[in-house]
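Chain by chain, the residues:
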Amino acid sequence: MKYVEEFRQRDLAQQLAAAIRNEVNPGRQYNLMEFCGGHTHAIFRYGVQDLMPANVKFVHGPGCPVCVLPIGRIDNAIQLVEQHDVILCSYGDMLRVPASERKSLLRVKASGGDIRMVYSTQDALRIARDNPGRQVVFFAIGFETTTPPTAVAIRQAHAGGLDNFSVFCNHVLTPAAIQNILESPEVRTMGSISIDGFFGPSHVSSIIGSRPYEFFAEEFQRPVVIAGFEPLDVMQSALMLIRQLNEGRHEVENEYTRVVSREGNLKAQSLVAEVFELRRSFEWRGLGLVPYSALQIKADFAGLDAERRFDMPAISASDVKGCECPSILRGVKRPTDCKLFGTVCTPDNPMGSCMVSSEGACAAYWSYGRFRQPEMPDSEESAA
Ligand code: SF4
């Protein structure tokens, strides 16, 4: 398959691994954060970490749209079904994410709630047209990649006078989240996470381009390399980051040139700007309230905004006790640091969003066998 097989070739992977081994300085550590869950899965699926020298570490970031949505917003979606009797249209990954009171959208559906799994915004529009006597709400989530199709649906509903359709908007923005991580006390002052460089997301960057990363590459003096999702993309990008660090550079470079340009997709950007505007702040799971990190529907399309059409109070809710998703999403912990990983929490019985989503770090560790290491006896016991 063009643009896939070429980027999975074993001999090229071995050559890149050798180039990385030659490039690294054995006297320093390289902590490289992959913001995007797609990269996390590529790293584990293809064993990329195993090809790296011991001093090159991947730090998993918050770039999984299902994982970062706080429980309160899922509770809001459940209230739409239970209290306002709407038909709620949602992407499949959201259905199994645990909400408050041991609920999830799937459980609410099993107990009679009208929740429909959709593959696109167009499915949701069709459901609204087919059910003129019911209110239909599209549960919109995702980063910059999924925002343009939501904008198209809002414009179509507006133009067609589809007044039983609305959107519960939870679209979030990547650059604001990366900046928040770099400004966090764990990175800036406490030193509990060290991040030397970033793999920039691939699909998101196809929309926004590489330019939005230039500010924080300069401001925080961290290199960024926009990386494709195939294993050779990740390895080539790792080599580019390591080179920049060795040369003391902090630039935005683009490995994924077959898709991403500096300017991005201008048509999609203008569509999004027509329908959405920045929210003052938005809560992310793991990151808390992040200023100007999400979108809301503009006043011109207010009639299609579920948050204006229905009474939807802000809900503050805690994660399941013991679930380390918030720390994992900030890169402070790894899935195997969670006591519930692989014991209470598995893909069949997820306790947190990171085990549900196909882009979640816990799901990646589980799917590709990064299980908990056996506990070693401590030195005193060994000596005894
Ligand atoms: S293993 Fe489960 S409980 Fe632990 S952090 Fe991951 S999702 Fe949460």
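Just above, that's the structure.
Residues numbered from 1 in each chain as written. Predicted model: local features only at pLDDT ≥ 70, side-chain atom pairs only at ≥ 80, totals over all residues. Heavy atoms only, no water.

This brings us to the site of the ligand. Around the ligand, the neighbouring residues are Cys323, Glu324, Cys325, Ile328, Cys338, Leu340, Phe341, Cys345, Met351, Gly352, Met355 and Cys362. Per-class residue counts for the shell around the ligand are ten nonpolar, one polar and one charged. (Near = heavy atom within 4 Å. Nonpolar A, V, L, I, M, F, W, Y, C, P; charged D, E, K, R; others polar.)

What follows is about the side chain of Asp75. Take Asp75: it is sitting in helix α4 (residues 71-84). It turns out Asp75 is buried and unbridged, and the closest side chain with the opposite charge, Lys103, is 7.6 Å from it. Apart from residues no more than four positions distant in its own chain, Asp75 is found in contact with Ala99, Ser100, Ile315 and Ala317. (Helix = DSSP H or I, 4+ residues; strand = E, 2+ residues; numbered from the N terminus. Buried < 20%, exposed > 50% of the residue type's maximum accessible area, 1.4 Å probe, protein only. Lys, Arg positive; Asp, Glu negative; His and termini not counted. Salt bridge = Lys/Arg side-chain N within 4 Å of Asp/Glu carboxyl O. Contact = heavy atoms within 4.5 Å.)

Disulfides are covalent bonds that connect the sulfur atoms of two cysteines. In this structure the tally under the stated criterion is one disulfide. The residue that forms a disulfide with Cys64 is Cys67, at a sulfur-sulfur distance of 2.3 Å. Taking the sign of the torsion about the S-S bond as the criterion, the disulfide between Cys64 and Cys67, at about 70°, is right-handed. For Cys64, a relative accessible area of 3% puts it in the buried group. For Cys67, a relative accessible area of 1% puts it in the buried group. Considering cysteine sulfurs only, Cys89 is the nearest to Cys169, which forms no disulfide, with 15 Å between them. The exposure class assigned to Cys169 is buried, which follows from its relative accessible area of 1%. (Disulfide = S-S within 2.5 Å.)

This part takes up the pattern of salt bridges. Between side chains of opposite charge, a pair can form when the charged atoms approach closely. Taken as a whole and judged by the stated rule, the model has 22 salt bridges. Salt-bridge contacts for Glu23 lead to Arg243; the nearest nitrogen and oxygen are separated by 3.2 Å. Here Arg243 lies in helix α12 (residues 231-246) and Glu23 lies in helix α1 (residues 10-23), a separation of 220 residues in the sequence.

Here the focus is the nonpolar core. Note on soluble globular proteins: their nonpolar side chains tend to be buried together. Counting 127 residues, the largest nonpolar core has Leu88, Leu105 and Phe165 as its most contacted members. Considering each element in turn, this core owes the most residues, nine residues, to α12. Setting aside anything within four residues of it in sequence, one finds Phe165 in contact with Ala124, Leu125, Ala128, Val136, Phe138, Ala153, Ala157, Gly303, Leu304 and Arg309. (Core = buried A, V, L, I, M, F, W, Y, C linked by side-chain atoms within 4.5 Å.)

It is worth spelling out the pairing of strand β11 (residues 281-284) at this point. Along a regular strand, successive side chains alternate from one face of the sheet to the other. Burial of the side chains of β11 is restricted to one face: Phe282 and Trp284 are buried, whereas none of Ser281 and Glu283 on the reverse face is. The loop that links β11 with its antiparallel partner strand β12 (residues 288-291) comprises three residues; one of these, Gly286, has a positive phi angle of about 95°. (Pairing = 2+ DSSP bridges.)

With the exception of glycine, the majority of residues adopt a negative phi angle, and the majority of peptide bonds are in the trans configuration. Positive phi, close to 55°, is recorded for Asp85, a residue that is not glycine. Mapped onto the elements, Asp85 comes out in the loop between α4 and β3 (87-90). Classification of Asp85 by relative accessible area gives exposed; the value is 52%. Residues other than glycine seldom take positive phi values, yet Tyr292 does so here, at roughly 45°. Locating Tyr292 in the fold gives a position in the loop between β12 and β13 (295-297). Residue classification places Tyr292 among the partly exposed residues on the basis of a relative accessible area of 43%.

Right, let's talk about α12 for a bit. Taking 1.5 Å as the rise per residue, α12 with 16 residues should run 22 Å; its terminal C-alpha atoms sit 23 Å apart, in good agreement. Most of α12 is tucked away, with 13 of its 16 residues classed as buried. In the stretch just after α12, Gly248 is the one whose phi turns positive, near 70°. (Expected span 1.5 Å × (residues − 1).)

Here helix α6 (residues 121-130) crosses helix α7 (residues 147-160) at 25°, and the two axes come no closer than 9 Å. Compared by their axis directions, α6 and α7 come out roughly parallel. Read as a crossing pair, α6 and α7 show a hand that is right-handed. Taken together, the residues of α7 that come into contact with α6 (itself represented by Thr121, Gln122 and Leu125) are Pro149, Thr150, Val152, Ala153, Gln156 and Ala157. Counted by class, the contact of α6 with α7 contains five nonpolar, four polar and no charged residues. (Axes fitted to C-alpha atoms, helices over the stretch in contact; angles between N-to-C directions. Parallel < 35°, antiparallel > 145°, perpendicular 65-115°, else oblique. Left-handed = near helix turned anticlockwise from the far one by under 90°.)

Note that Asp233 resides in helix α12. Residue Asp233 is classed as buried on the basis of its relative accessible area of 0%. The spatial distance from the C-alpha of Asp233 to the C-alpha of Asp123 is 33 Å, given a sequence separation of 110 residues.

On to the sheet that holds strand β7 (residues 197-200). Strand pairing in a sheet relies on backbone hydrogen bonds, with the paired strands running either antiparallel or parallel. In space, the five strands of this open sheet follow the order β2-β1-β7-β8-β9, with parallel pairing throughout. Since the sheet does not close on itself, it has two edges, and those belong to β2 (56-63) and β9 (252-254), each with one partner. For this sheet the average axis-to-axis angle between neighbouring strands, irrespective of direction, equals 25°. Contacts from helix α2 (residues 37-45) reach β1 (30-36), β2 and β7, with the element oriented near 120° to β1. The strands that helix α8 (residues 174-183) touches are β1, β2 and β7; relative to β1, the one it contacts most, it runs at about 145°.

This paragraph deals with the side chain of Asp233. Side chain to side chain, Asp233 and Arg258 meet in a polar contact 2.8 Å long. Asp233 has contacts with Phe7, Ala227, Gly228, Glu255 and Arg258, leaving out every residue within four places of it along the chain. (Polar contact = N/O pair within 3.5 Å; in protein donor to acceptor, adjacent residues only side chain to side chain.)

Bringing α6 into the picture now. Every buried residue of α6 is listed here: Thr121, Asp123, Ala124, Leu125, Ile127 and Ala128. Turning to α6, the residues buried within the fold contact β3, β4 (115-117), β5 (136-142), α7 and β6 (165-171). At the N-terminal boundary of α6, the capping side chain belongs to Ser120, with an oxygen 3.2 Å from the backbone nitrogen of Gln122.

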